[in-house]
Amino acid sequence: MQRKLTTKSVHALKSREARYWVNDSDLPGFRVAVMPSGVKSFAVRLRSRGGRKNRIDSMQVLGRLGTLTVDEARAKARELLSRTTLGEDVAQGRREDRAAETVAELAVLFLEARAGKIKARTVTEYRRLFDVEIVPKIGTRSARELTNRDVSRLHLKRRESPYTANRIVTLLGALYTWARTQGFVPENVHPTRGVELFPEQSRERYLTEAETIRLGASLRTAEKSGVPMDHTRAALQAKREAERAKQPRRRKFKKPRTPKTPREPRISPSNPYAIAAIRFLLLSGWREQEALTLRWDAIDLEQNRVRLPDTKTGLSWRELGGGAMQLLRELLRVEGSPYVFPGTNQGKPLTDIKHVWYAVRDHAKLPDVRIHDLRHNFASVGAQGGTSLLVLGAVLGHREVSTTKKYAHLGERPTARAADEISAKIAAMMDGKKSKDDTAKVVPLRA
C-alpha cells in the first residue's frame, strides 16, 4: 500500500487482524507499520549503493507515532537516506543507538528478516504471538535491558496454557539469537536462558472401529440431508444471547430486555468438497493444509502417488492407497480451478472446513476429536497392522524417523500377544499339561 504520509492520513489508518505497511509516495523508503493493537511505528528502508539488483541492506525503526510526529519521522528518514547515498554505513554507525530499541521494534525487524526464509504460515504464527502475547506485555521494554525475570513472569502468567507459554519463550529465544548475530544486543544478553519450560503432554487421539463407523455415517448424513450446524456464527451468537439473558441485571431501574429466541440450528446439505476433504484426511493421513491445497496437476493417477512441492518438510512424494485414489477419481472437477478441493472464490482452494468438521464430529458424538487426530488415527492403524516405522514415516511425510517413533508402542501389541501365547504353551508343558491341539507342530520363528 502506498500513499502520502501526513498527520491526517496516518491517524486515519485502521488496524487489521495482521500488521501491514504503508509506504510514503513522496519519500521512497519512508514507511509506517500499523499493528493489530493500533500502535503505529515509523521506519525507513536503506538500500545499498550499486549492485545489479540494488538489494535492501536494512530497515531502521525510527519510533512510534506519539513519540514522533509524522514530520519528525520524515526528517529522520530523509537524514538517514542522505547519509546512505553519500556512502556512509548508517547501519554500522547506529549499532550503539540500537541499544535503546524496544522489544516491539526488534520484533518488527526480526519478522522482516525472516520473511522469505521460513514458511509464510510460520511468519503468521510468529506475528500473532508477538501482537497478542509479547508486545502488549513487554513490548515497550528496552531490548537490551530485558531480563530472565521478565521472561519468567510472562511465561508464568500463561501457565494455564502450557503450549502457548512455551512457544512464547521459544520465540523470544529465536528473537534474541538473531538480535545478537545482527549486533542489536550484546553477546551476553540471554533473557530466555534458564527459563524452565512447562511439561507438555502429547495428545494423540485414535478412533475405535465403532467410532470410525459413526463418523462415516455422519459424513453420509451431512452430505445427503445435512446435520445441525451448531458452530456457525449465528448459532454461537444465539447461545451468547441466551446466556446473557440468564445473568442478573446490574441496573434495576431499567426495564429488562426481552431475550431473543435462539434460532434453530441450520440443517442443510454440507459443502460436498468439505465432506470429501474430511474423507480424504481419514484415508490418507495427510496434514490439513496439504490436502486443502492439493492441485490436480500434482496427482499421478496411474502411479497412485502425488508430488507435493511445498510441505512442512519441503518437497515430498506421497503414495496414496486405493481408497484415497478412488475418492479422487470420483470427485468432480470445477472448471477454472486447479485445486482438488476448490473454495467459493474463483481459482482459490477451500480454506476452512472447521464448521463442517465440528458439525459432523458432534453428530457422531465425538466432541473431543480434532481434525489433526485423523492423521494420528491413520498412523495408529498402520502401526497396529505391522507397518514398519520407516515405511509409515514415508507415507505420512515425516522427514525424521524419530517423528514416527511415537507410534512404535502401537506396533508392539501383536508381538506382545505372540510372546504371551508362546510362554503360555511352554508353561503348560512344564506343568505336564497337553496342548489342546495334539497335532500342533513346532514352527521356526522368522526374524
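Residues numbered from 1 in each chain as written. Predicted model: local features only at pLDDT ≥ 70, side-chain atom pairs only at ≥ 80, totals over all residues. Heavy atoms only, no water.

A.B. asks: Account for the packing of helix H10 (residues 272–284) against helix H13 (residues 354–363), with residues named and values stated.
C.D. replies: Contact geometry for H10 and H13: axes closest at 10 Å, N-to-C directions at 70°. For the element pair H10 / H13, the angle class is roughly perpendicular. For the pair H10 and H13, the crossing hand works out as right-handed. Between H10 and H13, the residues in contact are Ala274, Ile275 and Ile278 and Val356, Trp357 and Val360, respectively. (Axes fitted to C-alpha atoms, helices over the stretch in contact; angles between N-to-C directions. Helix = DSSP H or I, 4+ residues; strand = E, 2+ residues; numbered from the N terminus. Parallel < 35°, antiparallel > 145°, perpendicular 65-115°, else oblique. Left-handed = near helix turned anticlockwise from the far one by under 90°. Contact = heavy atoms within 4.5 Å.)

A.B. asks: Before we move on, can you summarise the pattern of salt bridges with the specific residues and values?
C.D. replies: Under the counting rule described, the total for this entry stands at 15 salt bridges. Its salt-bridge partner being aspartate 24, residue arginine 74 comes within 2.6 Å of it at the nearest N-O pair. You can see arginine 74 sitting in helix H2 (residues 70–85) and its partner aspartate 24 sitting in strand S2 (residues 20–24), a full 50 residues away along the chain. Between arginine 158 and glutamate 133 there is a salt bridge, with the nearest N and O atoms lying 3.0 Å from each other. Taken together, the residues span a long stretch of sequence, with arginine 158 in the loop between helix H6 (148–157) and helix H7 (162–182) and glutamate 133 in helix H5 (residues 120–138) at a distance of 25 residues. Overall, arginine 158 belongs to the partly exposed group, its relative accessible area being 26%. Given a relative accessible area of 8%, glutamate 133 falls into the buried group. By sharing partners, the salt bridges in this structure join Arg19, Arg45 and Glu112 into a single network. (Salt bridge = Lys/Arg side-chain N within 4 Å of Asp/Glu carboxyl O. Buried < 20%, exposed > 50% of the residue type's maximum accessible area, 1.4 Å probe, protein only.)

A.B. asks: Lay out H13 with the relevant residues and their values.
C.D. replies: Of the residues making up H13, those classed as buried are Val356, Trp357, Ala359, Val360 and Arg361. A positive phi of about 60° marks lysine 365, the residue just after H13.

A.B. asks: An account of the nonpolar core is requested, with residue identities and associated values reported.
C.D. replies: Grouped together as the largest cluster of nonpolar side chains are 43 residues, with contacts concentrated most on Leu215, Phe280, Trp286 and Leu294. Put simply, the parts of the chain that give this core at least two residues each are helix H8 (209–224), H10, helix H11 (288–292), strand S7 (305–311), helix H12 (322–330) and H13. Ranked by residue count, the leading element in this core is H10, at 9 residues. Setting aside its immediate chain neighbours within four residues, leucine 294 contacts Phe280, Trp286, Ile299, Val306, Leu308, Pro338, Tyr339 and Val340. The next biggest cluster of nonpolar side chains, apart from the first, holds 35 residues, and it includes Leu109, Val135, Val169 and Ala179. (Core = buried A, V, L, I, M, F, W, Y, C linked by side-chain atoms within 4.5 Å.)

A.B. asks: I'd like a rundown of the packing of H5 against H7, residues and numbers included.
C.D. replies: The packing of two helices is summarised by the inter-axis angle and the distance between the axes. It is at 11 Å that the axes of H5 and H7 come closest, and there the two elements cross at 90°. By the criterion of interaxial angle, the relationship of H5 to H7 is roughly perpendicular. Packed against H5, whose contacting residues are Tyr126, Leu129, Phe130, Glu133, Ile134 and Ile138, the element H7 presents Thr164, Arg167, Ile168, Leu171, Leu172 and Leu175 at the interface. Per-class residue counts for the contact of H5 with H7 are 9 nonpolar, 1 polar and 2 charged. (Nonpolar A, V, L, I, M, F, W, Y, C, P; charged D, E, K, R; others polar.)

A.B. asks: Tell me about helix H4 (residues 103–114), and name the residues and values.
C.D. replies: Its 12 residues place the ends of H4 16 Å apart at the C-alpha level, agreeing with the 16 Å of an ideal helix rising 1.5 Å per residue. With 9 of 12 residues buried, H4 is to be regarded as a mostly interior element. If you check which residues of H4 are buried, you get Val103, Ala104, Glu105, Leu106, Ala107, Val108, Leu109, Phe110 and Leu111. Positioned one or two residues after H4, glycine 116 has a phi angle of 90°, which is positive. (Expected span 1.5 Å × (residues − 1).)

A.B. asks: Which residues make up the side chain of aspartate 131, and what are the values?
C.D. replies: Mapped onto the elements of the fold, aspartate 131 is located in helix H5. At 5.3 Å, arginine 127 is the nearest oppositely charged side chain to aspartate 131, a buried residue that forms no salt bridge. If we ignore the near neighbours within four places in the chain, the residues touching aspartate 131 are Arg19, Met35, Pro36 and Pro136. (Lys, Arg positive; Asp, Glu negative; His and termini not counted.)

A.B. asks: Can you lay out the packing of aromatic side chains for me, pointing to particular residues and giving the numbers?
C.D. replies: On inspection of all chains with the given rule, the structure shows 7 aromatic pairs. Aromatic pair phenylalanine 280 and tryptophan 286: ring centres 5.0 Å apart, planes at 90°, arrangement edge-to-face. Tryptophan 286 matches phenylalanine 280 in its accessibility class, with the two residues each being buried. Through a chain of ring-to-ring contacts, the aromatic side chains of Phe110, Tyr126, Phe130, Trp178 and Phe184 assemble into a single cluster. In this structure, arginine 167 is placed above the aromatic ring of tyrosine 163, and the distance from its NZ or CZ to the ring centre is 4.4 Å. Its guanidinium or amino end placed over the ring of tyrosine 339, arginine 295 lies 5.4 Å from that ring's centre, counting from NZ or CZ. (Phe/Tyr/Trp six-rings, centres within 6.5 Å; stacked < 30°, edge-to-face > 60°. Lys NZ or Arg CZ within 6 Å of the ring centre and 35° of its normal.)

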